[in-house]
2 protein chains.
Amino acid sequence: MNALRFDGQVCMVQVPRPQPAVGEALIRVQLVGLCQTDVEITRGYKNFQGILGHEFVGQVVAAPDAAWIGQRVVGEINIGCGRCPRCQRGQAKHCQHRTVLGIYGRDGALAEYLTLPLANLHQVPASVPDEVAVFTEPLAAALEILAQVPVGPDYRVLIVGDGKLGLLSALVLRLTGCELHLLGRHPEKLALVADLGVMTHQADRQAELDNSAQFGTYPPDFDLVVEASGSPSGWHTAVAAVRPQGTIVAKSTYQQALEFNPTMLVVPEVTVIGSRCGPFAPALRLLAKGLIDPRPLISKVFPLAQAPAALAYAQQPGVLKVLVEVSVHAN
Amino acid sequence: MNALRFDGQVCMVQVPRPQPAVGEALIRVQLVGLCQTDVEITRGYKNFQGILGHEFVGQVVAAPDAAWIGQRVVGEINIGCGRCPRCQRGQAKHCQHRTVLGIYGRDGALAEYLTLPLANLHQVPASVPDEVAVFTEPLAAALEILAQVPVGPDYRVLIVGDGKLGLLSALVLRLTGCELHLLGRHPEKLALVADLGVMTHQADRQAELDNSAQFGTYPPDFDLVVEASGSPSGWHTAVAAVRPQGTIVAKSTYQQALEFNPTMLVVPEVTVIGSRCGPFAPALRLLAKGLIDPRPLISKVFPLAQAPAALAYAQQPGVLKVLVEVSVHAN
C-alpha cells in the first residue's frame, strides 16, 4: 500500500498492508487531518520513525468482532499495555508502555490501511460527513478542557492563541454561555469565530498580550485562561491574565524550557491544569448534532499521493487544517 | 511601646502605641512566632519597612464591640479594602489594595500592641496554651492544602521539604489516613514525625530526590506532592514524583525564576495548585482537640528585648520555630 513515512525525511513509500494483532481491526483510511504534532515529528519530536498521521476517519474491513466490519470509525490514538496500574486505573493514555498512533511506536494514518484495537474505535453517525468526523480527535482534545474544569455560564474565559486548538477550544467553550475572549495574532483566524459571539483581541506581538487594558478591566482577572498558543509568551500571558484562585488550562507544549518563578502561582493561589487528549464520545455527539461545525477551519485538501506537499503546506503562515484524502467511503 | 522594626536594618525601637482605626481592635501581644517570611523581609522581600511579625496570640484590650474585650485571640493577617470585586467575592487575601500584618503596608506583631479589624480575629479556646495557639497561622497555611485538594485515605502523598511548613503539612495530612511520605535533608527534623507514622526519606542533596527508587516503586507516581522545600530543586522533584493526572500543591515561594518546560505538566496532565494562607477556624479546632501538637517544632523562646537575637537565631541551620514572648496573659 502507499504511505507517507518519516525516517529522517518525509517520503511516499510502498509498504505491505499491516496485519492486525489480537483484538485489533484493520481499517481502510478515508480522510486524515494534519496536526502540528505531525510537523513537530518531522523536526525530531519523540524520535518517531514510521508512517505519520493520527487524526483519521476510515472503514473497518476486518475485525475479530464481525459487527464492526463495514462500520465507519474514528479512533483514539493511545494504546496502553492493559496490565500496568495506570491502565488498570483507566489511564491508558498515560501508560508508560503505551504506543501512540503515528506518534510513538506505532504506524499512523497517512496510508491506505491502519490497525487499531477495537477498544479504541468509535462508530461515526451516518449524518456526520468525513470532513467533519476527521476533527473528532482534535475536538476531543479541546473538550478535555471541560472534562477538567466545570466552566460555568458566569465564567470569564480567555483563550490565548488562534491556531487550530485555540479555535476548536473557542467552538467548545462558547457552548457554555461563558463570556469568551480569544487573543491571537491573525485577524483572518480571529474572524472565524468573531461572528459566533466570541470577543476577539488582536495582538501584533504576544509580548503585548499582558497589556490588560485590551480586556476592559484592570487587572484582567479571567476565571479561566486556556493557553493554546504554542509559544512561551503565551504562558506568561496566561499567568498575567488569570485572576487569583483562577485556573489556567495548559494545552501547549513547548520545544524548550522557559524562565518562570512558580511564586507567580503560589501567591495568587492559581491552579494550572495540564491538558492533552480528550473524550471522543462527546466530540462525536457535538458534531452529530451540528453544535460544532469545524469545516471553516479547513484550509485545503490534498490526495494521499501529494501528502508531502500537504505537510509542507500545513507549515505555511495562516494555514489552519490541512486534510489528506486517501480513499472514498465505499458505502 | 517597644517594637522590633525593620527599616533596612533590624533594631528595637520605642514607638507610640498604635491607634485602632474604625472597626479595629487594640491587642496586647503575648507571644509571636517567627516565620521564614520575616527573614525574607530583612533581605528585601516586599520592600517592607515597619514592625515585623505576623504569627501571634494576644489579648484584646480595646474594641468597638465590648464583647471582644479581654478575649485571647489570634488574627488573620490579610486586610482587604472591603469594596473591590475580589473582596466582595470573599477573597480579601487576594485584594489588590490589601495590607498584610507585618508584611505589607501594616505594622506587625513584634511589639507590645498591634491593631487588627475585629473581622480578622478568632477567639482562642481556654484549653489551648499560648505556645500552641501561636501556631494557628502557619497551621492554617498547611490546612489550605486540604481546603484545596480533597485528600482521600487511599492517596499516596509526598511532602518535599522538612522545614516548619513541611512538618506542619505532615501533621495535617497524617490525619487523613493517607500513605504519607516526607522527604528532607535533616535527620533530626524528619525524626520529629517519623514516630507519627510518616514515612521519612533523607536526601543529602535535593538533586538526588528524583531518584525514585527510594520510594519503593518506579515511577514514584504520588497522587499528591506538596512542594514545601523553598528550593527550586524541590519544584523539579515534585514534577518528577507526581503521577499522571496527579496534583502538586505548591507552597514554596522562590527568590528567583527557574528553568522549566510546562510541557512536563501538559503531557501527563498534572495539576499544580498555588497555595498560601489558609482557614483559621479548623486550625484552632485541631489544636483545641489535641489532634495536632506543634510544640515539638519549638526550638527556642526569646523575650521581646532580644528579638533581634531571635531573628538571627531563626536563621541558623537546623532551627525550627523560634518564639518571642512579649507579655504574659493577664487572666
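Predicted model only: the values in this text are computed from it and were never measured.

Thresholds applied
- Residues numbered from 1 in each chain as written.
- Chains lettered and ligands numbered in written order.
- Predicted model: local features only at pLDDT ≥ 70, side-chain atom pairs only at ≥ 80, totals over all residues.
- Heavy atoms only, no water.
- Buried < 20%, exposed > 50% of the residue type's maximum accessible area, 1.4 Å probe, protein only.
- Helix = DSSP H or I, 4+ residues; strand = E, 2+ residues; numbered from the N terminus.
- Pairing = 2+ DSSP bridges.
- Expected span 1.5 Å × (residues − 1).
- Bend = angle between axes of the 7 residues up to and from the residue.
- Axes fitted to C-alpha atoms, helices over the stretch in contact; angles between N-to-C directions.
- Contact = heavy atoms within 4.5 Å.

Q: Please provide a residue-by-residue account of the pairing of strand E3 (residues 24-33) of chain B, values included.
A: All names here are of chain B. Of all ten residues in E3, nine are buried, a share of seventy percent or more. Relative to strand E9 (residues 113-117), E3 runs antiparallel, the two sharing five bridges. Within E9, the position partnered with isoleucine 27 by the bridge is leucine 114. Where E3 lies against strand E5 (residues 55-62), seven bridges are found, and the strand directions are antiparallel. By the bridge assignment for E5, isoleucine 27 is matched with valine 60.

Q: Mind laying out helix H4 (residues 136-148) of chain A, listing which residues take part and the relevant values?
A: Two residues of an α-helix separated by three or four positions point the same way, owing to the 3.6 residues in each turn. Residue and element names in this part refer to chain A. Between the first and last C-alpha of H4 there are 18 Å, a value that for 13 residues agrees with the 18 Å anticipated at 1.5 Å per step. Remark: the principal bend of H4, roughly 30°, maps to alanine 142. Burial runs high along H4: ten of the 13 residues are buried. Within H4, burial applies to Thr136, Glu137, Pro138, Leu139, Ala140, Ala141, Ala142, Leu143, Glu144 and Ile145.

Q: Account for the sheet that holds strand E14 (residues 199-202) of chain A, with residues named and values stated.
A: Pairing within the open sheet is mixed, and its twelve strands lie in the order E14(A)-E13(A)-E12(A)-E15(A)-E16(A)-E18(A)-E17(B)-E15(B)-E14(B)-E11(B)-E12(B)-E13(B). One side of each edge strand has no neighbouring strand; the edge strands of this open sheet are E14 of chain A together with strand E13 (199-202) of chain B. In this sheet, adjacent strand axes meet at a mean angle of 15° when their direction is disregarded. Summarising the sheet, strand E18 (residues 271-274) of chain A and strand E17 (residues 271-274) of chain B pair through three bridges and their orientation is antiparallel. Its bridge partner lying in E17(B), Val272(A) is registered against Val272(B). Here helix H6 (residues 187-194) of chain A sits on the sheet in contact with strand E13 (179-184) and E14 of chain A, set at roughly 170° to E14(A).

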